[in-house]
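One-letter residues, chain by chain:
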Amino acid sequence: MIDPVRQEVVALAHTVVVKVGTNVLASADGKLDSARLQALADQVQRIRQPGRRVTLVSSGAIGAGIGQLGLEERPSDLRHLQACAAVGQGFLMRAYQECLARHGTHTAQILLTAGDFDNRTRYLNARNTIVTLFEWDCLPIINENDTVSVAEIRFGDNDHLAALVTNLLQAPLLILLTVVDGLYGSDPTTDPQSTPLMTVPYIDGSVMDMAGGSRSSLGTGGMRSKLRAARLATAAGESVLIANGTRPGVLDAIFAGEPVGTLFLPHGSHVPAWKRWLGFATRPKGRLVVDAGARQAVQNKGRSLLPIGIVQITGPAGEENVSFGKGDVVALCDAAGTEFARGLTNYSAVDVRRICGLRTDQIGEVLGTLTYEEVVHRDNLVVTI
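Note that this is a predicted model, so its numbers are computed, not measured.

Draft legend 1. Representation of the pattern of salt bridges within the structure. For the structure shown, the criterion picks out 14 salt bridges. For the salt bridge of Lys226 with Asp159, the shortest nitrogen-to-oxygen distance reads 3.3 Å. Here Lys226 is found in helix 11 (residues 223-235), whereas its partner Asp159 is found in helix 9 (residues 158-169), with 67 residues between them in sequence. The residues Lys226 and Asp159 share a single accessibility class, namely buried. Residue Glu339 pairs with Arg342 through a salt bridge whose shortest N-O separation is 2.5 Å. On the basis of relative accessibility, which here comes to 25%, the residue Glu339 falls in the partly exposed class. Judged by its relative accessible area of 15%, Arg342 is buried. Ionic contacts of the salt-bridge type, sharing partners, join the residues Lys19, Asp159 and Lys226 into one network.

Draft legend 2. A look at the sheet that holds strand 7 (residues 239-244). Read across the open sheet, the 8 strands follow the order 3-4-2-1-5-7-8-6; overall the sheet is mixed. Two strands lie at the open edges of the sheet, namely strand 3 (107-112) and strand 6 (199-200), each paired on one side alone. Of the strand pairs in this sheet, strand 7 and strand 8 (residues 262-264) are connected by 3 bridges, and their pairing is antiparallel. Considered in strand 8, the bridge of Leu241 is made with Leu263.

Draft legend 3. Examining the packing of aromatic side chains more closely. Taken as a whole and judged by the stated rule, the model has 2 aromatic pairs. The interplanar angle of 70 degrees and the centroid separation of 6.0 Å between the aromatic rings of Phe117 and Tyr123 together place this pair among those described as edge-to-face. Overall, Tyr123 belongs to the buried group, its relative accessible area being 3%. Ring plane angle 90 degrees and centroid distance 6.0 Å describe the contact between Tyr347 and Tyr372, whose orientation is recorded as edge-to-face. On the criterion of sequence distance, the pair formed by Tyr347 in the loop between strand 12 (339-344) and helix 15 (349-355) and Tyr372 in the loop between helix 16 (360-367) and strand 13 (381-383) is long-range, its members being 25 residues apart. Residue classification places Tyr347 among the buried positions, given a relative accessible area of 3%.

Draft legend 4. Representation of the pairing of strand 12 within the structure. Counting buried residues along strand 12, 5 of its 6 residues qualify, which places the element largely inside the surrounding structure. One ladder, built from 5 bridges, connects strand 11 (residues 329-333) with strand 12; its direction is antiparallel. Each residue of the ladder has a partner; that of Ala331, found in strand 12, is Arg342. Hairpin connection from strand 11 to strand 12: 5 residues lie between these consecutive antiparallel strands, with Gly337 at a positive phi of about 90 degrees. In terms of strand pairing, strand 12 meets strand 13 through 3 bridges, oriented antiparallel. Bridging from a neighbouring strand, Gly343 pairs with Leu381 of strand 13.

Draft legend 5. Examining the packing of helix 9 against helix 11 more closely. At a minimum axis distance of 8 Å, the contact between helix 9 and helix 11 shows a crossing angle of 15 degrees. On the basis of the axis angle, helix 9 is roughly parallel to helix 11. Crossing geometry of helix 9 relative to helix 11 is assigned as right-handed. Residues Asp159, His160, Ala163, Leu164, Thr166 and Asn167 of helix 9 touch helix 11, and the partners they reach there are Ser225, Lys226, Ala229, Leu232 and Ala233. A breakdown of the residues in the contact of helix 9 with helix 11 according to their chemical character gives 5 nonpolar, 4 polar and 2 charged.

Cut-offs and rules
- Residues numbered from 1 in each chain as written.
- Predicted model: local features only at pLDDT ≥ 70, side-chain atom pairs only at ≥ 80, totals over all residues.
- Heavy atoms only, no water.
- Salt bridge = Lys/Arg side-chain N within 4 Å of Asp/Glu carboxyl O.
- Helix = DSSP H or I, 4+ residues; strand = E, 2+ residues; numbered from the N terminus.
- Buried < 20%, exposed > 50% of the residue type's maximum accessible area, 1.4 Å probe, protein only.
- Pairing = 2+ DSSP bridges.
- Phe/Tyr/Trp six-rings, centres within 6.5 Å; stacked < 30°, edge-to-face > 60°.
- Axes fitted to C-alpha atoms, helices over the stretch in contact; angles between N-to-C directions.
- Parallel < 35°, antiparallel > 145°, perpendicular 65-115°, else oblique.
- Left-handed = near helix turned anticlockwise from the far one by under 90°.
- Contact = heavy atoms within 4.5 Å.
- Nonpolar A, V, L, I, M, F, W, Y, C, P; charged D, E, K, R; others polar.

The following block contains the structure:
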């Protein structure tokens, strides 16, 4: 059976990001499954054939290191995990190159950290490198730099990384390959009648609740991690598909328009390149908590954020101590702590504290000069939900 919605999604997908999880690539003992890796490489090559640009975001370095070192189980402390990644990353890349060599395809390794997305110059450099690799008909293979990055090892951030790469490339489709058939409406381990949802138009709280709290055995992420990544990509106007990477021919089926996995439809308008960085890539230096009126004005009426609407400022995680300067990225949150926008602040944290809750005509009296009427101007702001 062919799904016309999926047919349209794949037809428009001139650029695709495919993320493959550790458990898709590794057998139960932690070693890379060479047959599955070859099958994945063959499918990736087939979807590249029409001239489609494909980037692979691949987990598996830690799992590969575990297998290479003959460890009986995954280490739990950071230094051993990072050492496993150091051993496994080279082996993983060599395995990909060997699988794709029969197709005459060159692979390119790109290791990234969250800091590469925070810094605008490094962000653009990463994009330029990937685009150049496309021009040379190479397959970029991206992984979190596990040997120096704490976030991926602890929280399964390769799902998040894949969403960031999707926004970096403005790729219309992100495919997250895991070891389940998609998002289930209820827990299939307790409800044998449960089946994967075919299409999800919007990822709200009720959809997130369907994820449960499971994590995979060799990897670090679970369905909740994938839904957060899907929400990030769909908010920027892209489609996301979660499917079972251990299913034979899964990518072939997806690009044939078959109803495989769960499709998450874009719910945001197409976001320009630099606003993708602002709203979905870089991490905010602080949070501006605003009242209901300010949220309504910013989110639904296209207004700037004025000082009168700000009720509190905090650090990125809600801490009281906060330090940001003019031009830094800040998150806009409501009283419940829900982030709904990000933007570049016109004032430092010190000055925002002094003018929050004031009318525009009072700014000059407090600061001595009225440099800007807005704390965050609409032109430098992105609604993220």
